[in-house]
Amino acid sequence: MPRLTLKGLSKAYGTLRVVDNVDLSLQEGEFVCLLGPSGCGKTTTLRMIAGFIEPTSGSITMDGEVLSAPGAVLPPERRRMSMIFQSYAIWPNMTVAENVGFGLKLQKLPSAEVRARTRQILEVVQMGHLADRYPAELSGGQQQRVALARAIVVKPSVLLLDEPLSNLDANLREEMRFEIRRLHDEFRITTVYVTHDQSEAMATADRIAVMNAGRIEQVDAPHLIYTQPRTRFVAAFIGRTNLLEGRLADGEIGLDGFSLRAAQLGQKVPDAARPILLSVRPQAMSLSRSQPQTREGRPVLAAIVAQRTYLGESWDYVVRPQEGGLQLRVTAPPLQVHEVGEKVWLELDPQQIAVVS
Amino acid sequence: MTESAAILSKSDTEAARRPGLLRRLRYLEPSNLLWVLLIGALLFLVAIPIGKLLVVSFEKQGSGAFTLANYATAYGRARYLEALGNSLMLGALSALLSVVFAVPLAWAVSRTDMPGKGLTWAMVMGAFIMPPYLGAVGWILLAGPNSGFVNQAWTWLTGLQAPLVNVYSFFGLALVISLHSFPLIFIFVKSALDLISSEMEDAANILGAGTWTTTRKVTLPLVWPAVLGGIIVVFLETVALFGTPAIIGIPARINVVTTQLWQFFEYPVRVEVAAAYAMPLLLITIGMIAVQKLLLARKGFVSQTGKGGERRPIRLGRWRWAVWGYCGFVGLLAVLMPLAVLLQASFAKAWGRGLAWDNLTLGNYGYLLFRHEMALPSIWNTLWFSAASATAAVVIAVLVAYIVARRLVPFGSVLAFLAMAPFVIPGIVMAIGFYAAYAAPPIALYGTALIIILAFTARFLPIAFANSAAAVRAVHPEMEEAARILGGGRLLTVRRITAPLIIRSLIGGWLIVFIVASRELSAAVFLVGPRTRTMSVLLYDLSEAGNFEVLAAFGGLLLLITLVLVAIGMKLAGRDFMLRRS
Amino acid sequence: MLDFNRRLFLGLAAGGAAAARFGAARAAELRPHEKELYEAAKKEGQLTWYTGQYQAEPSEAIGRGFTTRFPGVEVNVVRSTSQVAFQRLSQDMRAGVAQCDVFSSTDHSHLAFLKQNERLMPYKPQNAAGLIKAAQQAADPDGYFQVTYLGLFLMGRRSDQVSEADAPKSWKELLDPKWRGKVAVGHPGYSGAITSWCLAMRKLYGWDYFKALEKNQPQIGRSSADPVTMLNAGERQIGAAIPSATTLLSISRGNPITMIYPTDGTLMVPAPSGALKNGPHPNAAKLFMEYMTSPAYYEATRPFFSESLRPEVPPPPGSRPLDEVTMITADPDELERDGQEVKELWRDTFGV
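Owing to the predicted nature of the structure, the values given are computational and were not obtained by experimental measurement.

Asks: How should I be thinking about the environment of isoleucine 507 of chain B in this particular structure?
Replies: Inspection of the secondary structure assignment puts isoleucine 507 of chain B in helix H24 (residues 490-518). We classify isoleucine 507 of chain B as partly exposed; it has 16 C-beta atoms within 10 Å.

Now the structure itself:
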């Protein structure tokens, strides 16, 4: 039985549907990211899970028990969850230890146990030496660690994180991202993590649910989200991609200037004549000065370099195949340098091409 | 925590989609009950008295049958209409004089390098906390046309018999009122000036405008909305003021709305006519607030120009002492002179004999403290009525502010509206509403402490609400959500998290309500019973007992108590707690 | 003169204590009917007295004097002007609250109204038989209320600014233009005594008297005592219709004021007191009525310069014996009938 299930979950404000028929379930110990642009409904979904918002329709179930349904919302304090907030929400009138011990005290645990567990968790997040400080005396990263400790120490059934790293600077964000994953590996708490930052999602999640306009577009493991996006939105939102329109007929996908055989793609394509949309990642293509040996099923096109941008870790080229009117983004290693206007050969890997809808 | 009794089983999802009333109740947060109580409290405190006032104005005395006769009576005499006109003119003149006092002071304190700013600030504060009727008594001693010290000094200096100022005149009345209302405009204008960056002035300077031109053409126009807001507030305060017009207005032969309302409360009590007569006061107030809203709806001015840019005081050069002199002059008029004569009278055996060793006595204070039957009880009444009202007002206000800020109920804005509504209801009208609604059986609160406490609570609810709303807004909702998700109920969260975070501002708000309640006369004078007289009412009664020495001594006691409270407030809630604009 | 004043002042300061001593001395002399009432009143323990007859201090001295004479029965003294006191009582009655046990006013019509509305207790104190004749005559024939105070309202002058020769001798002379801007007077809307004075003047000279007075721009206060304050301050030089007791008190404090007994008649206002029928402490109320008609009462109020209504107690120092004074008075019926009317007339004439 899944730990947490969202079924047909919707939230509407007037006629505006902020969350639209979301289905999602998490197994125990699973870490799922809700990823999407701002306004996609991910935070609303999270706050419905927490019990702060009542759904308009659908239900939220934990361990087989309904927590939320329209008109019947179990208040947050009775859900045995915990949450980490964008603003950290560290109470400025309490010390670090008091902040962390708050949830334990509410559970009416003996004070010796509260103290022991508080101390223990503060060691885990490397804050043991600051237990008696007040929040105003801590840095942003330290506050974030306190927030983590406070949320984890109560051993929640589900841990919710609402854009927890968005207020940190870039270096710290990367560090905390691994910290969060480390803590998850250590405690295996079922976790829902809301973010708009795909690298955060990639680094932390077991599965990513990409949301757009209130709907979940796709739920998959991070690498599958990247390599096999199912929708145009997912393909475009996660990383960079080239979206190519084509037409499927007789097992052949006709594109502008060249064609592919459907059977060569990494995924099965039902064979029926129709327009089709392909997502080709810049990494799914390679450039070379001389014409590469033609391999089975790998189209090679002659092209001209139209633009280039050096990104440090790689080159980003825009090339224009000589046949047809396409423009394609291609990634190349730093040492592979082409001048603008140079003629190059472009090779596609059909295995890495995804059909999106 | 673990007994999740209310969690539905999965098979119940069908039912969960349309939960019955019982099931809804199981999910109800216990705190929801409190919100229902609050709505009840607000209706009781605000909506019903005002509604009743309206209803009563159309009722025939005794039978309660519908009639327009009350309005015919209330507006049937030229003298009554004249009182209405007097009130409007008095309000306008007082507001104008207040601007003359307040704006230069605010400008000097906020924008210039004038010396003695702290002293000016203290003077404004002093004028603010001195009850207006006490100032009125002081000014009777100062500016009685024949005997006032100011006029005697004038005659001595110039040999002219005609008085310099006659307190018993329309101008005198307006002057005395404005000397205690100008701090309101000062607060408004100063906080607006504080937001203007020097760059606004530099921009004008660089184009060739001098300091004076810049101030006139750039700085002051920028704070015009604040000045206007202050004018409206002072106008409304003046129109609703009872004490000063009663003390000065009668000898000056000036009848105003509030003293006329008092006449309707003479035997035989004609509360129906009083209600009808109070209506224009209500309409004027609502009209003024509407006008202000309309004018300020154009926004702009200060709010957009704030932030950014350094603020440098304007160098006044040799003018700084002239500006200082003006501030000192206002302070002298508003605080020092009335205070000095009141103190002199309070320590005098016969105040007409002036300062002399053999005229000094502590007897007036001794008489009040040890031999006067009502003085101590009235002090006690004042303290506990004010404390109770301040507590009730702050509790209601903070709960309403909380509900509104957290959007806990769908019609929260109605609650906020009710909590702010008394702001537009003159205190005297409020008191008559309370009298009409709750004095008679079945509620029969007349003469009880409760009716005064309730009236004070309602009257000062807006102050408490504005204060609480600002405090609650400053607490991020996630602070609370963090506690709730960890297992704290709504009420526990408020108690353990929110309350400690806002308590300091609430103490400040509590003290402000306490202080204004402790000197409130207009509402109290209609509601006191024999055993519930407050200091302000006793002071008013003493003012006609033919013994100004005792009156002054009692005023001294009232001021002493207020000063102690203000000192506590400054200690607990910061120096500016009373003069902050919220 | 100075000695005399100081003596008076000391006497005043000791007033409360003196009253207490009288009370203690006479405690043993309680008459049988008083004792009986006292026992019953002790069970009630207190009473509330609304009064407009005396200023605050004497009112409270009376309250203390009563409790000293009858230990265990406290008096809640609620003192204000008579109009305000009656206003409060009206509000009480309208609100259906019984708080007041004994009501004392300077306005005869107040008690007449209460009697008419059956609000008063028909209790004639036995001690009333010992009052002076004028007081007995002015009391209610049915015994619903008694006269417990005789207010004398006359004129006063600043002795340092107006010589005896220049001073007005009669009410009529106040109309002389030389007193323009120099006279102070109370307000009938706030003071019952001033209402009586208005009626008396109207009877003597017609309402034109006030129209002429208005031309002299008198300063209008609220209570009848307000002009005394104005005299003390030097704000005005002549006080009209001022109470003798307050004036004598002021003189005793060292203020340069002299009383003038008008030749056209000092206004005598018999001020009535009555016990309320539905008051919460009926026995204490009866006992208080007995007290107010007993010599102990007039001894307690004498230091405050009030006239004595018991032949045993001499008039206050500085005051003329009552039989040497020309008196005028307002007819109670007229007061009842025309009281409201003159207040309105006053407001129309003077604008406030």
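Asks: Can you help me understand the arrangement of the chains in this one?
Replies: When the two pairs of chains in contact are ranked by number of contacts, first place goes to chains B and C. Without any contact between them, chain A and chain C keep their closest C-alpha atoms 48 Å apart.

Asks: Which parts of the structure should I look at to understand the nonpolar core?
Replies: Across soluble globular proteins, you tend to see nonpolar side chains buried next to one another. Residues and elements named next belong to chain B. Counting residues in each nonpolar core, the largest one holds 290 residues, and the members touching the most others are Val189, Ile432 and Val513. Sort the elements by how many residues they give to this core and helix H19 (residues 375-406) lands first, with 16 residues. Ignoring anything within four residues of it in the chain, the contact list for valine 513 reads Ser389, Ala390, Ala393, Val394, Phe460, Ile463 and Ala464.

Asks: So what exactly am I meant to see when it comes to the interface of chain C and chain B here?
Replies: By convention, interface size is frequently given as the accessible area that disappears when the constituent parts associate. Listed by partner, the interface residues are 49 residues for chain C and 35 residues for chain B. Within the residue set of the side of chain C that touches chain B, elements represented by two or more residues are strand E1 (46-51), helix H4 (56-69), strand E2 (74-79), helix H5 (82-95), strand E6 (219-220), helix H10 (226-233) and helix H14 (332-350) of chain C. Among the elements that line the side of chain C that touches chain B, the one with the most residues is H5 of chain C, at nine residues.

Asks: I keep staring at helix H3 (residues 32-44) of chain C and nothing clicks. Help me out?
Replies: Residue and element names in this part refer to chain C. Here H3 is 13 residues long and its end C-alpha atoms lie 19 Å apart, about the 18 Å a rise of 1.5 Å per residue gives. Listing the buried residues of H3 in full gives Glu34, Leu37, Tyr38 and Ala41. Check the buried side of H3 and you find it contacts helix H12 (282-292). Phi for glycine 45, located one or two positions after H3, is positive at around 80°.

Asks: What exactly am I supposed to notice about the domain arrangement of chain C here?
Replies: All names here are of chain C. Taken domain by domain, chain C comprises domain 1 (13-150 + 270-314) and domain 2 (151-268 + 324-344). The interface of domain 1 with domain 2 comprises 19 residues on the first partner and 20 residues on the second. For the side of domain 1 that touches domain 2, the element with the most residues is helix H6 (residues 108-116), which contributes three residues. Of the residues that constitute the side of domain 1 that touches domain 2, the class distribution is seven nonpolar, 10 polar and two charged.

Asks: I'm lost on the sheet that holds strand E9 (residues 190-195) of chain A in this one. Help?
Replies: Two orientations exist for strands paired in a sheet by backbone hydrogen bonds: parallel and antiparallel. Residues and elements named next belong to chain A. Judged by pairing direction, the sheet is mixed, and its six strands sit side by side in the order E7-E8-E9-E3-E10-E11 without closing on themselves. Of all strands in the sheet, those with a lone pairing partner are strand E7 (81-84) and strand E11 (215-220), marking the two edges. Across the sheet, the axes of successive neighbouring strands diverge by a mean angle of 20°, strand direction being ignored. Looking at chain direction, strand E10 (residues 207-212) and E11 are connected through five bridges and run antiparallel. Within E11, the position partnered with isoleucine 208 by the bridge is aspartate 220.

Asks: Just to check I follow, could you spell out the pairing of strand E3 (residues 31-35) of chain A for this structure?
Replies: Where a strand is regular, its side chains alternate between the two sheet faces. Residues and elements named next belong to chain A. The element E3 is extensively covered by neighbouring structure, given that five of its five residues are classed as buried. Residues Phe31, Cys33 and Leu35 line one face of E3 and the alternating positions Val32 and Leu34 line the opposite face, and both faces are buried. As paired strands, E3 and E9 are joined by five bridges and run parallel to one another. Note on E9: the bridge partner recorded for leucine 35 is threonine 195. As judged from the four bridges shared by E3 and E10, these two strands associate in the parallel manner. Looking at the pairing, cysteine 33 lines up with isoleucine 208 of E10.

Definitions and cut-offs
- Residues numbered from 1 in each chain as written.
- Chains lettered and ligands numbered in written order.
- Predicted model: local features only at pLDDT ≥ 70, side-chain atom pairs only at ≥ 80, totals over all residues.
- Helix = DSSP H or I, 4+ residues; strand = E, 2+ residues; numbered from the N terminus.
- Buried ≥ 20, exposed ≤ 12 C-beta atoms within 10 Å, placed from the backbone.
- Contact = placed C-beta atoms within 7 Å.
- Core = buried A, V, L, I, M, F, W, Y, C linked by C-beta atoms within 7 Å.
- Expected span 1.5 Å × (residues − 1).
- Domains from an automatic or database assignment.
- Nonpolar A, V, L, I, M, F, W, Y, C, P; charged D, E, K, R; others polar.
- Pairing = 2+ DSSP bridges.
- Axes fitted to C-alpha atoms, helices over the stretch in contact; angles between N-to-C directions.

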